[in-house]
Amino acid sequence: MYLSRLSTLLLFMVPNLFGATLTIETAINQFVKNNFDLQIARQEADKSKADLTTAQLHPNPILSGSYNSLDVMHHLSDTSAASAASTILHIDYPIELGGKRAHRIETANEGISYANVLFEETKRKQFFTLINAYYQVQADEADLTNAIANSHDFRDLLVIAQAKLDHGFLSQMDFEKLQLQAIDYENDVNAYKAALSSDMEALAFLLSMNVKDVTLSPLVLPEDFSKSVDELILNAQQNRSDCLAAQQNIKVANASVELEKANSIPDLTLGIEMENYAPTYSNPLVGISVAIPLPIYDRNQGAIQKARITTLQAATQKSKILYQAASEVRQAYIHYQSQLDIYASMQRGFESARKLKEKQEKIFAFKGISILELLDAQKSYREYQTNMTKSIVELHIALANLKLYSGLPLIDSKGY
């Protein structure tokens, strides 16, 4: 089978007709919902909600009681008038001053937002792995389909060679050379089968699916992408999850400073006490106590200083991440443009190799040609065919990476 156009080549890449077709869109949604690592990351982010629960709680009151008897001569009996025995019941209630609870709640809420953005960043990083795995399977399927078609075509060529041998138009040695070449075609089929099986297992694991249920859509060219590098850098710095996380980290740090300032204000403790004395334990006494630490030495200066330095670190980290995002976008943009050029070059090379292969086979069938020239044309065609598939796959990956580095959704309708 000879391919006259690239679209004809892509028709070879037809998935199994059984089962639902897994497009890149459905693969992304399946990945987000069922990937084990993302589930763990999501549960890790949910832990931050417990900090809000803790922050909202008030201090617990303290209940204490005691019984004292110093009448040793009466064997600790509290019935003697001389007994100094007494019972005491005391309740202390701490009152937080300085708005500590409000600042705790604010810090916890900022922490929840930070954890959620970190989860989005984890998801963005995991998408790189998914993209590589998905398109690697598509490349394997395309290579296997092409290898099977090439092997079939070569067997047809051997039939022609056998006829030429029988009629004395081909030497036995040249025929044996062709037969030996058939082994390479079979080896290609077996190698691509093994690669597809292995890579399919890896993709199925990422998607938390049974490998038998993984059926990919055909490999086609990616859509046109025309955004400028400056637009992409601006979008990355404003919307990329690690950039948003860096901004949110500053809010968390600032909230922590305010919380530590509030912690420097001592809490007031109010107490109520009731005392009864032997021997009658009548006419109980009721008392009120007030306690407040005097912040003469420790005014939480160390914790405040540390929190302020943390805000400086957060600001420095933000500057670094914004600069890094711009650099990564520029690198990804250059790589994408390079892959466009490589694809165009491979397309031209593939068409030339295809035409040369068809020409050589026609000459071999109807006239005569050196076996080495025929095999060289066959080899060149197969190499360009493999590189053509590779260039399409790498163009997909380069575009997906550019979107991820730029903070853009991988698919037009962001369903994840």
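Just so it is clear, the structure is predicted and the values come from calculations on it, not from any experiment.

Two quantities define a packed helix pair, namely the angle between the axes and the distance from one axis to the other. Where helix α7 (residues 229–239) meets helix α9 (residues 301–366), the closest approach of the two axes is 9 Å, and the angle between their N-to-C directions is 145°. As for the relative orientation of α7 and α9, their crossing is right-handed in sense. Contacts from Val229, Leu232, Ile233, Ala236 and Gln237 in α7 reach Leu322, Ala326, Val329, Arg330 and Tyr333 in α9. Residues that form the contact of α7 with α9 fall into these classes: eight nonpolar, one polar and one charged.

If you look at the biggest cluster of nonpolar residues, it comprises 53 residues, and the most contacted ones within it are Ile28, Phe127 and Leu203. Counting residues per element, the ones that place at least two in this core are α2 (24–34), α5 (100–166), α6 (172–207), α7, α9 and α10 (371–406). Setting aside residues up to four positions removed in sequence, Leu203 forms contacts with Leu130, Ala133, Tyr134, Val137, Val214 and Leu216. Judged by nonpolar contacts, the second largest core, of 14 residues, contains Leu157, Ala161, Leu170 and Phe175.

This paragraph deals with the packing of α6 against α10. With their axes 10 Å apart at the nearest point, α6 and α10 run at an angle of 10° to one another. Comparing their axes, α10 and α6 come out roughly parallel. Between α6 and α10 lies a crossing whose hand is right-handed. Contact with α6, carried on its side by Asp174, Lys177, Leu178, Gln181, Asp184, Tyr185, Asp188 and Tyr192, involves Ile371, Leu374, Leu375, Gln378, Arg382 and Thr386 of α10 and no other residues of that element. Considered class by class, the residues forming the contact of α6 with α10 number six nonpolar, three polar and five charged.

Given two aromatic rings, their pairing is described by the distance between the two centres and the angle made by the two planes. Following the criterion strictly, the structure yields seven aromatic pairs and no others. The side chain of Lys357 reaches across the aromatic face of Tyr381, ending 4.8 Å from its centre. One residue, Arg382, lies across the ring of Tyr185, its end atom 4.2 Å from the ring centre.

With respect to the helices and strands, Val32 occurs in helix α2. Between the C-alpha atom of Val32 and that of Gln126, which follows or precedes it by 94 residues, the distance is 9.5 Å.

Now for unusual backbone geometry. Although it is not a glycine, Ser208 adopts a positive phi angle of roughly 55°. Locating Ser208 in the fold gives a position in the loop between α6 and α7. A positive phi is found at Asn300, a non-glycine position, where the angle reads about 60°. Positionally, Asn300 belongs in the loop between β4 (285–291) and α9. For Asn300, a relative accessible area of 17% gives the class buried.

Cut-offs applied
- Residues numbered from 1 in each chain as written.
- Predicted model: local features only at pLDDT ≥ 70, side-chain atom pairs only at ≥ 80, totals over all residues.
- Heavy atoms only, no water.
- Axes fitted to C-alpha atoms, helices over the stretch in contact; angles between N-to-C directions.
- Helix = DSSP H or I, 4+ residues; strand = E, 2+ residues; numbered from the N terminus.
- Left-handed = near helix turned anticlockwise from the far one by under 90°.
- Contact = heavy atoms within 4.5 Å.
- Nonpolar A, V, L, I, M, F, W, Y, C, P; charged D, E, K, R; others polar.
- Core = buried A, V, L, I, M, F, W, Y, C linked by side-chain atoms within 4.5 Å.
- Buried < 20%, exposed > 50% of the residue type's maximum accessible area, 1.4 Å probe, protein only.
- Parallel < 35°, antiparallel > 145°, perpendicular 65-115°, else oblique.
- Phe/Tyr/Trp six-rings, centres within 6.5 Å; stacked < 30°, edge-to-face > 60°.
- Lys NZ or Arg CZ within 6 Å of the ring centre and 35° of its normal.

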